[in-house]
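Inside the fold
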Amino acid sequence: MRRKVSIFGATGSVGRNTVSLLEAQGGPEAYEVVALSGASNIALLADQARRLRARIAVTSDAGRLEDLRRALEGSGIEAAAGTPALLDAASEPVDWVMSAIVGAAGLAPGMRAVRNGGVLALANKESLVCAGDLLQAACKAHGTALLPVDSEHSAIFQALRGEAPEAVERIVLTASGGPFRDWDPAEMARATPAQARAHPNWDMGERISIDSATMFNKALEVIEAHVLFGVASASIEVLVHPQSIIHSMVGFRDGSIIAQIGPSDMRGAIGFALNWPERRGLPVERLDFAALARLDFAAADQARFPALRLAREVIAAGGLTGAVFNGAKEAALDAFLAGRIGFLDMARLVEHVLGELATDAAATESYGLDDVLTLDSEARARAGAWVVSRSSC
Ligand code: NDP
Ligand code: MG
């Protein structure tokens, strides 16, 4: 029987890699593709849906339904658009689902998808940062296996296979350091979006690439590791490793360390989640250690990258602080991309919004998805007000 799969965020960087792996592993002959989602890239979404013979193609943008219908004409594939349609598509039963929408927009579809059981391959780290306990509780209730696709967390997951949780002493989360690893703050203050999106090692979507330059991506990943693996913040170290060959490591109480190593190619982590619990052949480069010659390491600089300090504060505060952090960070990135604030202002803005909302967010003990989404909107509104107040100074 063919395995039923859906991909949310199919037209993005992780989504395209997932589609290419499905094709490499037999395409529609091997997989029954139920739903594929995108937002603005209708031509690619329709092309992917035709190639994989998907049943439903859905764009989150309600205004693009006619474009999608036209692009799918004669294919027999159902076209759908808008948030309710996206949630309906996520409710379709499948065995394996890829959650690769970018940002908090991926949370609600992910929460729907876990109700089906099977495997949730989770690239959308924002879901875990905003509402980790809700997502994990839903996975538990529905018997869904949550597999991290973020390369660091896939590495940790792989290093932890067969190990007792109490044997874990620390997690070493590696970070490339982004394009501004060696820049001084004055240069960083003038950095443009084009410079910030030029990631040295990984070919990723625009938003995560810029989050790597601010190290907000690593900040999200510290929270993601804390939520996924139940390890205390103080036992999660961030280590700059410019070659991005060691994807992360786990240190055990006997002093031994297990690292997961591979090329900087997301198809490794995606393929692992796709084929889990087996390992199948993947079309990724094989490492040549002699050619690589050296691996470098350095401590992460929290003074130049305040996002890392903020992540620790968010973990310490608990409750819904992660939703505030992520919402403010997304709004800060939008403002930077729009040329309204500078590169270093992004962290200032997030810290400001946390200052306004963190106390109430931290005190929220019992909550549902609606509370998370309300707080996300509130964080974005506060961030917007800060940007306006700054530009009118
Ligand atoms: P991209 O920006 O490349 O792709 C995002 C996807 O989400 C696209 O399909 C896009 O559609 C869709 N999308 C955008 N906005 C919305 C919205 N409001 N509602 C619904 N769908 C939307 O992102 P990435 O693939 O880089 O990242 C996806 C997720 O994976 C993120 O959470 C990221 O942090 C995580 N991740 C990514 C890695 C990478 O290598 N890229 C590595 C590790 C984690 P369209 O393009 O059609 O507009
Ligand atoms: Mg990562």
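Residues numbered from 1 in each chain as written. Chains lettered and ligands numbered in written order. Predicted model: local features only at pLDDT ≥ 70, side-chain atom pairs only at ≥ 80, totals over all residues. Heavy atoms only, no water.

1. Some words on the pattern of salt bridges
Defined as follows: Salt bridges are counted wherever a side-chain nitrogen of Lys or Arg sits within 4 Å of a carboxyl oxygen of Asp or Glu. Helix numbering and strand numbering both begin at the N terminus, where a helix is a DSSP run of H or I of at least 4 residues and a strand a DSSP run of E of at least 2. Exposure is judged per residue with a 1.4 Å probe applied to protein chains only, and the accessible area is read against the type maximum: over 50% gives exposed, under 20% gives buried, and values in between give partly exposed.
Counting across every chain of the model gives 27 salt bridges. Residue Arg 294 pairs with Asp 296 through a salt bridge whose shortest N-O separation is 2.7 Å. Note that Arg 382 and Glu 378 form a salt bridge whose closest N and O atoms lie 2.6 Å from each other. Of this pair, Arg 382 and Glu 378 both sit in helix α18 (residues 369–391), four residues apart, roughly one helical turn. On the basis of relative accessible area, Arg 382 is assigned to the partly exposed category, the value being 30%. For Glu 378, a relative accessible area of 30% corresponds to the partly exposed category. Where salt bridges share partners, they join Lys 125, Asp 150, Glu 152, Lys 218 and Glu 221 into one cluster.

2. Regarding the packing of aromatic side chains
Filter applied, for reference: Each Phe, Tyr or Trp ring (for Trp, its six-membered ring) is paired with any other whose centre lies within 6.5 Å, and the angle between the two planes then decides the class: stacked below 30 degrees, edge-to-face above 60, tilted in between.
Per the stated rule, a full pass over the model turns up five aromatic pairs. Ring centres 6.1 Å apart and planes at 70° place the aromatic pair Phe 157 and Phe 272 in the edge-to-face group. With Phe 157 in helix α8 (residues 151–159) and Phe 272 in helix α13 (residues 266–275), this residue pair connects regions lying 115 residues apart in the sequence. Between Phe 336 and Phe 343 the ring centres are 5.8 Å apart and the planes differ by 75°, which places this aromatic pair in the edge-to-face class. Neither Phe 336 nor Phe 343 differs from the other in exposure class; each is buried. In this structure an aromatic cluster arises from ring pairing among Phe 180, Trp 183, Phe 336 and Phe 343.

3. Notes on helix α16 (residues 321–337)
Spelled out, the test is: Under the convention used throughout, the expected extent of a helix is 1.5 Å for every residue step, that is, one less than its residue count.
Taking 1.5 Å of rise per residue, 17 residues should cover 24 Å, and α16 covers 24 Å from first to last C-alpha, within 8% of that figure. Extensive coverage of α16 is indicated by the burial of 15 of its 17 residues. In the segment just after α16, Gly 339 is the residue with positive phi, at about 75°.

4. Some details on the site of ligand 1
Our working rule: Note on terminology: near, applied to a residue and a molecule or strand, indicates that one of the residue's heavy atoms is within 4 Å of it. Between N or O atoms, a polar contact is any pair within 3.5 Å; within protein, one atom must be a potential hydrogen donor and the other a potential acceptor, and residues adjacent in sequence are included only when both atoms are from side chains. In these tables, accessible area is a Shrake-Rupley quantity obtained with a 1.4 Å probe, and a residue counts as shielded only by the protein chains included in the view. All residues other than Ala, Val, Leu, Ile, Met, Phe, Trp, Tyr, Cys, Pro, Asp, Glu, Lys and Arg, Gly among them, are scored as polar; the first ten of these are nonpolar and the last four charged.
Taken together, 24 residues surround ligand 1, and among them Thr 11, Ser 13, Ser 40, Asn 41 and Glu 126 come closest. Asn 41 places a main-chain nitrogen or oxygen 2.9 Å from an oxygen atom of ligand 1. The protein chains hide 84% of the 900 Å² of surface that ligand 1 would expose on its own. Taken together, the elements giving at least two residues each to the shell around ligand 1 come down to α1 (13–24) and α7 (125–142). In terms of residue class, the shell around ligand 1 is built from 11 nonpolar, 10 polar and three charged.

5. Comments concerning the layout of surface pockets
So the rule is basically this: Only protein atoms enter the calculation, which uses a 1 Å grid: trapped sets of points that fit a 1.4 Å probe without letting it out are cavities, open sets showing protein on both sides within 12 Å along at least five of seven lines are pockets, and any residue with an atom within 4 Å of a point is a lining residue. Grid points are joined across faces, edges and corners, and a volume is the space filled by probe spheres set on the points.
The space that makes up the second largest pocket amounts to roughly 420 Å³. Taken together, 24 residues line the second largest pocket, and the ones lying closest to its centre are Gln 260, Pro 263, Gly 268, Leu 282 and Val 284. Of all the elements in the fold, those that place two or more residues in the lining of the second largest pocket are α8, β11 (257–261) and α13.

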